[in-house]
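Given next are the chains, with one letter for each unit.
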Amino acid sequence: GCEQLTTVDLVGGIHKTVASLHMESWRTNMNKSINRINQVLPNTSADNKTDAIREWMELVIDKRGNFKSEHYRYVKEGINLLELALWKAK
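The structure displayed is predicted, hence computed values, not measured ones.

Caption draft 1: Region of interest: helix α2 (residues 24–40). The end-to-end C-alpha distance of α2 is 24 Å, a good match for the 24 Å that 17 residues give at a rise of 1.5 Å each. Remark: the principal bend of α2, roughly 30°, maps to I34. On its buried face, α2 sits against α1 (14–19) and α3 (49–89).

What follows is the structure, given as structure tokens:
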């Protein structure tokens, strides 16, 4: 049962998404959030593990969304500056 569950290993694209984030502080923050569950689970009772995992998943998904939005905002800002510079160079 859940009594033995002490770690969660993520699979899929989350690690690629984190690696592509613009700021190192964002990558560090995300990696700490992802790894947090493995600090929490060993000390969580079997009855509460499902809730702990659910809360952790929501936190990671929300943070990912926020950082991706910020990342795209910075990219768009950079593109706009480049377009302006090219326009002025004409």
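Caption draft 2: Representation of the environment of M30 within the structure. By the secondary structure assignment, M30 is in helix α2. The sequence separation of M30 and A19 amounts to eleven residues, and the corresponding C-alpha distance is 9.6 Å. Not counting residues within four places of it along the chain, the set of residues in contact with M30 comprises I14, V18, L21, V60, K63, R64 and F67.

Criteria and thresholds
Residues numbered from 1 in each chain as written. Predicted model: local features only at pLDDT ≥ 70, side-chain atom pairs only at ≥ 80, totals over all residues. Heavy atoms only, no water. Helix = DSSP H or I, 4+ residues; strand = E, 2+ residues; numbered from the N terminus. Expected span 1.5 Å × (residues − 1). Bend = angle between axes of the 7 residues up to and from the residue. Contact = heavy atoms within 4.5 Å.

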